[in-house]
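# Understanding the architecture of this molecule
Listed below, chain by chain, are the residues.
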Amino acid sequence: MHEARTYKVQLGIASTRLKSAGIDRPGREARHLMQHVCAFSAADLINRESDLMPKAETEAFFDLVERRSLGEPYEYLTGEAWFYGLRLSCSPATLIPRPDSEVAVDEALARLPLGRLSKIADLGTGTGCLLIALLKHEPRLTGVGIDLSAAAIEVAQQNVDAHGLSERAEMRAIGWRDWDGWGETDLIISNPPYIRSDVIETLDDSVRAYEPHTALDGGISGLDAYREIIALAATGMKPGAWIVFEIGFDQGAEVRSLLESAGFSSISVACDTGQRDRVVSA
Ligand code: GLN
């Protein structure tokens, strides 16, 4: 139970709590969580700071502050994340879109023939972030996002609707082994699970304890998903179609060689902002 205090005072208490929990920017996160709970703009918060914060809002706010202090990712608390300049819903059924994955969008855009109607498929779409960013950027693209998780597809569909893409994007709860669209696709994009199973337990708590392991675990070698997708693509894709994979920083050489062995050409590896290998295109 929290005492009745002004917004400003509650904000101070919350910042102190977040700071003591080791959160990087406690003041900023406290403000954003308060705005989220109260549906306030930044200006509303400034104008109302000396008003008393109502009880129900106070309880809801400190509930989020406490969960955040215990390590729950900020994006799951608010249910939203930003990717490629777009606001997207996310949930614990999806990975949180990461800035590094924007490189995959750039690499795909660089390979799509300009002005042509092209069809994209996003395998393991999660929030739908890769497909949605591509379609928002290039009005002549259409696409399908598939994911084994029906709960993830629900989130992806919300995002498709929110961005006015329901005419151009289809979201399907299906695995890539059961999907039959290979032959009509001009570009496959995928951020599949690629963490080695034995590394999962060593991931940062905020990832390991909260994000869906099915979206992270790439098997003993970390390469299971690439092997499967490449085998299916090699027999099913139309000639000249592209494949763009997000990869782990140390997987560039291995994924390149999987693609080479399957007969792919024009293989290149692109780096993220930290200059680590992040995307392979072929
Ligand atoms: N980039 C994610 C991480 O480092 C992993 C994403 C994935 O396996 N596709 O947590």
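Owing to the predicted nature of the structure, the values given are computational and were not obtained by experimental measurement.

Moving on, we come to the site of the ligand. Surveying the vicinity of the ligand reveals the residues R98, N191, P192, P193, Y194, I195, V207 and L216. Residue composition of the shell around the ligand, grouped by class: 6 nonpolar, 1 polar and 1 charged.

In this section: the domain arrangement of the protein chain. Much of the literature gives interface size as the accessible area that the parts lose upon coming together. Here the domain parsing of the protein chain yields domain 1 (7–70) and domain 2 (84–281). Computed from C-alpha atoms alone, the centre-to-centre distance between domain 1 and domain 2 is 35 Å.

Right, let's get into the UniProt feature "domain: Release factor glutamine methyltransferase N-terminal" (unreviewed entry) in the protein chain. The UniProt entry lists residues 14–79 under the feature "domain: Release factor glutamine methyltransferase N-terminal" (unreviewed entry), expressed in the numbering used here. End C-alpha atoms of residues 14–79 are separated by 20 Å, and the span's content is 71% helix alongside 0% strand.

What follows deals with helix α8 (residues 150–162). For α8, built from 13 residues, the straight-helix expectation of 18 Å at 1.5 Å per residue is met to within 8% by its first-to-last C-alpha distance of 18 Å. Buried within α8 are the following residues: A152, I153, V155, A156, N159 and V160. Down the axis of α8, the buried set is contained in an arc of 160°. They therefore lie on one face. When the buried face of α8 is taken as reference, the exposed residues oriented beyond 90 degrees from it are A150 and D161. Where the residues of α8 are buried, they touch β2 (86–89), α7 (129–137), β4 (141–147) and β5 (169–173).

This next bit is on unusual backbone geometry. Positive phi, close to 50°, is recorded for A39, a residue that is not glycine. As for its placement among the helices and strands, A39 is situated in the loop between α2 (26–38) and α3 (42–48). On the neighbour-count criterion, A39 (8 C-beta atoms within 10 Å) is exposed. A positive phi angle is found at Y84, which is not glycine, with a value near 50°. Structurally, Y84 is set in the loop between β1 (80–83) and β2. Judged by the 18 C-beta atoms lying within 10 Å of it, Y84 is partly exposed.

Here we take up the sheet that holds β5. Pairing is mixed across the open sheet formed by 7 strands, whose spatial order is β5-β4-β3-β6-β7-β9-β8. Whereas interior strands pair on both sides, the edge strands pair on one side only; in this sheet they are β5 and β8 (268–271). Neighbour to neighbour, the strand axes of the sheet diverge by 20° on average, direction disregarded. Relative to strand β6 (residues 187–190), strand β3 (residues 118–123) runs parallel, the two sharing 4 bridges.

Let's shift gears to the pairing of β5. Pairing geometry for β4 and β5, over 5 bridges, is parallel. By the bridge assignment for β5, G143 is matched with A169.

The next thing to look at is the UniProt feature "binding site: S-adenosyl-L-methionine" (unreviewed entry) in the protein chain. When the UniProt feature table is mapped onto this chain numbering, "binding site: S-adenosyl-L-methionine" (unreviewed entry) sits at G124, T125, G126, T127, G128, D147, W176 and N191. When you line up the elements, G126 lands in the loop between β3 and α7. Among residues more than four places away in sequence, those in contact with G126 are T94, L95, D147, A152, A156 and A215. Within the secondary structure, T127 sits in the loop between β3 and α7. Judged by local crowding, T127 falls into the buried class, with 27 C-beta atoms found within 10 Å.

Here the focus is the nonpolar core. Among the nonpolar cores identified, the biggest contains 57 residues, and L130, L134, L187, I189, Y226, V244 and F245 are the most heavily contacted of them. When residues of this core are assigned to their parent elements, the largest contribution, 7 residues, is made by α7. Ignoring sequence-local partners within four residues, the contact set of V244 consists of A104, E107, A108, L187, I189, V279 and S281. Counting residues in hydrophobic clusters, the runner-up holds 12 residues, among them A14, L18, L33 and M34.

So, about the environment of C90. Structurally, C90 can be placed in the loop between β2 and α6 (102–111). Classification of C90 by C-beta neighbours within 10 Å gives buried; the count is 27. Taking the C-alpha atoms as reference points, C90 and G128, separated by 38 residues in sequence, lie 9.5 Å from one another.

What counts as what
Residues numbered from 1 in each chain as written. Predicted model: local features only at pLDDT ≥ 70, side-chain atom pairs only at ≥ 80, totals over all residues. Near = placed C-beta within 6 Å. Nonpolar A, V, L, I, M, F, W, Y, C, P; charged D, E, K, R; others polar. Domains from an automatic or database assignment. UniProt positions renumbered as here; feature names shortened; annotations may be inferred. Helix = DSSP H or I, 4+ residues; strand = E, 2+ residues; numbered from the N terminus. Expected span 1.5 Å × (residues − 1). Buried ≥ 20, exposed ≤ 12 C-beta atoms within 10 Å, placed from the backbone. Arc of directions from axis to C-beta. Contact = placed C-beta atoms within 7 Å. Pairing = 2+ DSSP bridges. Axes fitted to C-alpha atoms, helices over the stretch in contact; angles between N-to-C directions. Core = buried A, V, L, I, M, F, W, Y, C linked by C-beta atoms within 7 Å.

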